Amino acid sequence: MAEKILIVDDQALMLRMIGLPLEQEGFTVVTAMTGAQALQQIQADRPDLVILDLVLPDTSGIEVCHRIRQTPTLVDLPLIILSGQTDLSAKIQGLEAGADEYVTKPVDPKEIVARVRGLLARTHRLRQTAADPSARQGRIITLIGVKGGVGTTTLTANLATSLALRRHRVVAVELRPYYGTLARHFKLSPTATLSTLAELAPSHINAANVSACLQPTPQGLHLLLGPQRLKDYREMQPEQVTALLTTLANQTDFVVVDLPHMPSTAGRAALRAAQTVLAVVEPEPSAVAAGQALVELLGAWSIPAQALKVVVVNRIQAALAQSPSEIERALGCGVLGTITAAPDQALSALTIGIPMVQSAPATLVASTLAEMADRIVALKPAGR
Ligand SMILES: Nc1ncnc2c1ncn2[C@@H]1O[C@H](COP(=O)(O)OP(=O)(O)OP(=O)(O)O)[C@@H](O)[C@H]1O
Ligand SMILES: [Mg+2]
């Protein structure tokens, strides 16, 4: 079936000049002369690509661009701005509004045809990679606390940072339906969160849509954060979680997932997708008992025992703390290592928004965290 191109321009002559050569190349062309018409036609005609002028009688092309990108199902709709505005600020504004390309008028129709072909091919490649499990490269590491408040998010932030500082491509995902604390570890106020993806069908959770929700950090890693505002509260369905983590694993070396400790079907899907599951425990009796319950739950969910490792976070450095071998015996699975107590450093890192491995690299806690990251890299991932 011919691919459909929507051309939006208020001048009939321009619509013909661009539309005709595209039709001659076998594309189906539909047109709109106002912003409102364009938005309506995008919904009705489902074009494969849009060519958009910036000066329209009712609204600006930039506004149309924003509206397209704010619609979850249109986040990856290929979009070329074709405008008479040649100044740099207009170009930047157009690209920041979400256009894939910015082309200035006058333009040779042959260039437009070539750009349309190029952008459609690029979009196709991105969607293919996301859908093809054999292209998968990255490792999914899921962290789950045996109970709340044991230091899981702090560990996630530091492991992900450590891996990124070692030049691995890393995405940290905060798989929560509502407010979490991962953003604070990087002093971020995210503009896009998981809630956008939670609205999409699993088949639409592809590389382009997921990339649009990632927040870059100065350490070179990317974050996909849980919703921050109550109105964005969304539970993810297991199929959406699987699509998300598979898509991310195709794009990165490590996907580090921070899970809430309470069981959920979304959490189960993340644990099933992971090659490594880290159970975070404190060395005290009630946490160890909670750890036993977690190990039992993971068994019931058919998470392979060889994927599971325990990380001890000794937050209070108690003299009576249980030893790693006692914890190993109680839980029946291997302890990967212990993170030492550092309440002041943990608080100060959170206040400045730079994880301890970067903000206090010479401290004991930072070296236990960095070593943990190295041990995780060295683990032989359990196959699925
Ligand atoms: N190694 C450590 N030493 C001392 N305090 C720590 C350490 N790691 C984390 N903390 C502190 O423990 C508290 C809980 O940490 P964190 O938010 O990471 O836990 P969590 O398990 O993710 O909690 P939640 O269940 O609410 O998601 C925070 O105040 C944090 O600063
Ligand atoms: Mg947490």
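Remember, it's a predicted structure, so these values are computed and weren't measured experimentally.

Draft legend 1. Seen up close, empty space enclosed by the protein. If you walk through the whole model with that rule in mind, you get two cavities of 30 Å³ or more. Considering only enclosed or pocket space, the largest cavity measures out at about 40 Å³ in volume. Around the largest cavity, the lining residues are Thr154, Asn158, His185, Ala346, Ala349, Leu350, Ile354, Pro355 and Met356. At the level of secondary structure, the elements contributing two or more residues to the lining of the largest cavity comprise α6 (152–165) and α13 (343–352). No other element matches the three residues that α13 contributes to the lining of the largest cavity. Within the lining of the largest cavity, the residues separate by chemical class into six nonpolar, three polar and no charged.

Draft legend 2. Here's a closer look at the environment of Arg46. Tracing the chain through its elements places Arg46 in the loop between α2 (35–45) and β3 (49–52). Given the relative accessible area of 45%, Arg46 is considered partly exposed. Sequence separation between Arg46 and Lys4 is 42 residues; the distance between their C-alpha atoms is 7.9 Å. Contacts of Arg46, omitting those with residues within four sequence positions, involve Gln41, Thr73 and Leu74.

Draft legend 3. Structural context of the site of ligand 1. Among the 16 residues in the neighbourhood of ligand 1, the closest are listed as Gly149, Thr153, Thr154, Arg176 and Ala342. A distance of 3.1 Å separates a nitrogen atom of ligand 1 from a polar atom in the backbone of Thr340. For ligand 1, whose free accessible area comes to 630 Å², the fraction covered by protein is 75%. At a threshold of 2 Å from the grid points, most atoms of ligand 1 map onto the second largest pocket. Top element by residues in the shell around ligand 1 is α6. It accounts for three residues. In terms of residue class, the shell around ligand 1 is built from seven nonpolar, seven polar and two charged.

Cut-offs applied
- Residues numbered from 1 in each chain as written.
- Chains lettered and ligands numbered in written order.
- Predicted model: local features only at pLDDT ≥ 70, side-chain atom pairs only at ≥ 80, totals over all residues.
- Heavy atoms only, no water.
- 1 Å grid on protein atoms, 1.4 Å probe; cavity = no way out; pocket = protein on both sides within 12 Å on 5 of 7 lines; lining within 4 Å.
- Points joined across faces, edges and corners; volume = space filled by probe spheres on them.
- Helix = DSSP H or I, 4+ residues; strand = E, 2+ residues; numbered from the N terminus.
- Nonpolar A, V, L, I, M, F, W, Y, C, P; charged D, E, K, R; others polar.
- Buried < 20%, exposed > 50% of the residue type's maximum accessible area, 1.4 Å probe, protein only.
- Contact = heavy atoms within 4.5 Å.
- Near = heavy atom within 4 Å.
- Polar contact = N/O pair within 3.5 Å; in protein donor to acceptor, adjacent residues only side chain to side chain.
- Areas by Shrake-Rupley, 256 points an atom, 1.4 Å probe, with all protein chains shown as cover.
- Sits in = over half its atoms within 2 Å of the grid points.

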